[in-house]
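# Results of the structural survey
Okay, here's what each chain looks like letter by letter:
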Amino acid sequence: MTTFVDRVELHVAAGNGGHGCASVHREKFKPLGGPDGGNGGRGGDVTLVVDQSVTTLLEYHHSPHRKATNGQPGAGDNRSGKDGQDLVLTVPDGTVVLDKKGNVLADLVGQGTTFVAGQGGRGGLGNAALASARRKAPGFALLGEPGEARDIVLELKTVADVALVGYPSAGKSSLISVLSAAKPKIADYPFTTLVPNLGVVTAGSTVYTIADVPGLIPGASQGRGLGLEFLRHVERCSVLVHVLDTATLESERDPVTDLDVIEEELKQYGGLEDRPRIVVLNKIDIPDGQDLADMIRPDLEERGYQVFEVSAVARTGLKELSFALAGIVAEARAAKPKEEATRIVIRPKAVDDTGFTVTYDEHEEVYRVRGEKPERWVRQTDFNNDEAVGYLADRLNRLGVEDALMKAGARAGDGVAIGSEDNAVVFDWEPTMMAGAEMLGRRGEDHRLEAPRPAAQRRRDKQAEHDDAQREYDEFDPF
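Below you will find a few notes about this structure. (Residues numbered from 1 in each chain as written. Predicted model: local features only at pLDDT ≥ 70, side-chain atom pairs only at ≥ 80, totals over all residues. Heavy atoms only, no water.)

## Notes on the sheet that holds strand E6 (residues 104–108)
If you walk across this open sheet you meet the five strands as E3-E1-E8-E5-E6, and the pairing is mixed. Both edges of this open sheet fall to strand E3 (65–67) and E6, since each of them pairs with a single strand only. Mean inter-strand twist for the sheet, computed between neighbouring axes without regard to direction, equals 25°. Across seven bridges, strand E1 (residues 7–13) lies against strand E8 (residues 149–156) in antiparallel orientation. Looking across to E8, one finds that Glu9 is bridged to Val153. (Pairing = 2+ DSSP bridges. Helix = DSSP H or I, 4+ residues; strand = E, 2+ residues; numbered from the N terminus. Axes fitted to C-alpha atoms, helices over the stretch in contact; angles between N-to-C directions.)

In structure tokens:
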């Protein structure tokens, strides 16, 4: 059974906002109580939070669909709906959040680091909040906005100071087991280690973490073996340790060639050129292993490598290696800029942005309006209520959409679409239509919407002509 997962696709959906309530206060001897519909509650957010006690993404591998709760609708007597509960998802330290195209959205490092993966929808206003001096008793309320839903990819990159790399069965698991208290699986066959192992090492006053990365083979950077799957776990390490097997039983292999192959794979993977390297010649407790180590050590030192001869079985050379790694890690930590205390800066997203664009879509033959405010207003409008539709027209007019349509060349009866191509509201534009609350009729009605719609009629006529032509073609028999 799988116990370690370091890459998952997560489908998150924030909660929808609750609808506002359209209600009129009714009480004995108070026939004109006025509107008292409450606002809808906000939908819950989906938030990722780093928890260092979590070490795998296994939970999301089994349950990839996560949704926050919706906000509750408002009610009469000025009762607002309850906000939806935020959904908090804990992830391991070092988790990278990407979108479906591979773009990095967030790099979550450090206990408590958060990222809002899905923003909850805003609750709709009730008719009590929509009342004004000219619109004293609105017969409608605004709908709640849908919560943000998207697919994200979580990738875990191990946060360790030292990474042990090398061929399968080079002795990396044995080495980490004697340097730390880690208990990885150890056996005498290749690819024993199928997941990265972490251990904590104490050398003097320096405490650092060491990671055993599963065995690499030629072509690992292109996906062969387990390399491409686990090479990401060495990206955050301060030093790379090449563990070379000096007692390999494969006649076509030798430690120097193994080193060159692994270095080539690291080069192909990229981004690790500046990391210091240390070479560990393992298994010198075997006579042939010690002889081979003595033979190749001068060559490795000529290349500029710091070489250590160790035996994980006999536990020789481990102290020198441990303190040497501690020194490099301490230097790397000192070279990093000092981290200042995290300052919480609140930058609320502007809700009064009046920016929008008007373009002509030749394919659909409509003028398309795109902008945060117009699209949000459309999502909040109940199109089954004529008064709500009239209120939308008033808002768009005050925003300047009508003036922008005239400058773009729109004429009376032309189609106007607000929103994206796959989710837009299309209507016929009447530039001379008066706006204002004084144009309203009874509650829930707006007589402006009873006017004929020439653009819609033209589209229907065009479709009818197309259907007639298709029918004649189907009935045509050349014989």
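There is more to say, and it comes next.
## Some remarks on the packing of aromatic side chains
By the definition in use, this model includes two aromatic pairs. The interplanar angle of 45° and the centroid separation of 5.1 Å between the aromatic rings of Phe140 and Tyr391 together place this pair among those described as tilted. Of the two residues, Phe140 is situated in the loop between helix H2 (127–130) and E8 and Tyr391 in helix H9 (residues 386–399); the sequence distance between them amounts to 251 residues. We note that Phe140, like Tyr391, is buried. Ring centres of Tyr360 and Tyr367 lie 4.8 Å apart, and the angle between their planes is 55°; this geometry places the pair in the tilted category. Taking the relative accessible area as the measure of exposure, Tyr360 reaches 43% and is therefore partly exposed. Classification of Tyr367 by relative accessible area gives buried; the value is 9%. (Phe/Tyr/Trp six-rings, centres within 6.5 Å; stacked < 30°, edge-to-face > 60°. Buried < 20%, exposed > 50% of the residue type's maximum accessible area, 1.4 Å probe, protein only.)

## Topic: the environment of Thr90
For Thr90, the location among the structural elements is in strand E4 (residues 87–91). Separated by 37 residues in sequence, Thr90 and Ser53 have C-alpha atoms that sit 9.4 Å apart. Ignoring anything within four residues of it in the chain, the contact list for Thr90 reads Val49, Asp51, Val54 and Tyr60. (Contact = heavy atoms within 4.5 Å.)

## With respect to the pattern of salt bridges
In the structure shown here, the tally under the stated rule is 20 salt bridges. The salt bridge partner of Arg42 is Asp86, with a shortest N-O separation of 3.5 Å. Here the residue Arg42 occupies a position in the loop between E1 and strand E2 (46–50), and Asp86 occupies one in the loop between E3 and E4, the gap between them amounting to 44 residues. With a relative accessible area of 36%, Asp86 lands in the partly exposed category. The salt bridge involving Arg303 is made with Asp260; its shortest N-O contact spans 2.7 Å. One end of the pair, Arg303, is in the loop between helix H6 (287–302) and strand E14 (306–309); the other, Asp260, is in helix H5 (residues 255–269), with 43 residues separating them in the sequence. Residue classification places Asp260 among the partly exposed residues on the basis of a relative accessible area of 36%. In this structure, a network of salt bridges that share partners links the residues Arg42, Asp45 and Asp86. (Salt bridge = Lys/Arg side-chain N within 4 Å of Asp/Glu carboxyl O.)

## Quick word on empty space enclosed by the protein
The gaps left among the atoms become clear once a water-sized probe is rolled over them. Applying the stated criterion to the full structure yields two cavities of 30 Å³ or more. For the largest cavity, the calculated volume is near 50 Å³. Around the largest cavity, the lining residues are Val165, Gly166, Tyr167, Ala170, His242, Val243, Leu244, Asp245, Arg253, Asp258 and Ile262. The set of elements that each furnish at least two residues to the lining of the largest cavity consists of strand E12 (239–245) and H5. By residue number, the principal contributor to the lining of the largest cavity is E12, which donates four residues. Taken together, the residues of the lining of the largest cavity sort by class into six nonpolar, two polar and three charged. Within this model, the second largest cavity holds a volume of roughly 40 Å³. Residue lining of the second largest cavity: Phe140, Leu142, Trp377, Thr381, Ala388, Tyr391, Leu392 and Arg395, and that is the complete set. Ranked by the residues each element gives to the lining of the second largest cavity, the list is headed by H9, at four residues. (1 Å grid on protein atoms, 1.4 Å probe; cavity = no way out; pocket = protein on both sides within 12 Å on 5 of 7 lines; lining within 4 Å. Points joined across faces, edges and corners; volume = space filled by probe spheres on them. Nonpolar A, V, L, I, M, F, W, Y, C, P; charged D, E, K, R; others polar.)

## Re the packing of helix H3 (residues 172–179) against helix H7 (residues 318–335)
The contact between H3 and H7 brings their axes to 11 Å, and the two run at 85°. By the angle class used here, H3 and H7 are roughly perpendicular. Together, Leu175, Val178 and Leu179 of H3 and Leu318, Leu321 and Ser322 of H7 make up the contact between the two elements. A class-by-class count of the residues in the contact of H3 with H7 yields five nonpolar, one polar and no charged. (Parallel < 35°, antiparallel > 145°, perpendicular 65-115°, else oblique.)

## Here's the deal with the nonpolar core
Membership of the largest hydrophobic core comes to 26 residues, with the highest contact counts inside it found for Val162, Leu175 and Leu321. Of all elements in the fold, only strand E9 (162–165), H3, strand E10 (197–203), strand E11 (206–212), E12, strand E13 (277–282) and H7 reach the threshold of two or more residues within this core. Among the elements that take part in this core, H7 stands out by supplying seven residues, more than any other. Setting aside its immediate chain neighbours within four residues, Leu321 contacts Leu175, Leu179, Ile278, Val280, Phe308 and Val310. Listed in part, the 21 residues of the second largest apolar core include Val12, Leu48, Ala68 and Leu108. (Core = buried A, V, L, I, M, F, W, Y, C linked by side-chain atoms within 4.5 Å.)

## Considerations on unusual backbone geometry
Of note, the phi angle at Lys283 is positive, near 70°, even though the residue is not glycine. You can see Lys283 is positioned in the loop between E13 and H6. Positioned with a positive phi, Arg315 is a non-glycine residue whose angle comes to about 60°. With respect to the helices, strands and loops of the structure, Arg315 is situated in the loop between E14 and H7.

## Thoughts on the pairing of strand E16 (residues 366–370)
The buried fraction of E16 is high, at four of five residues. With five bridges joining them, strand E15 (residues 357–361) and E16 adopt antiparallel strand pairing. Bridge pairing links Tyr360 to Tyr367 in E16. Linking E15 to E16, which pair antiparallel, is a turn of four residues; within it Glu365 sits at a positive phi near 60°. As paired elements, E16 and strand E17 (residues 415–420) share three bridges and run parallel to each other. By the bridge assignment, Arg368 is partnered in E17 with Ala417.

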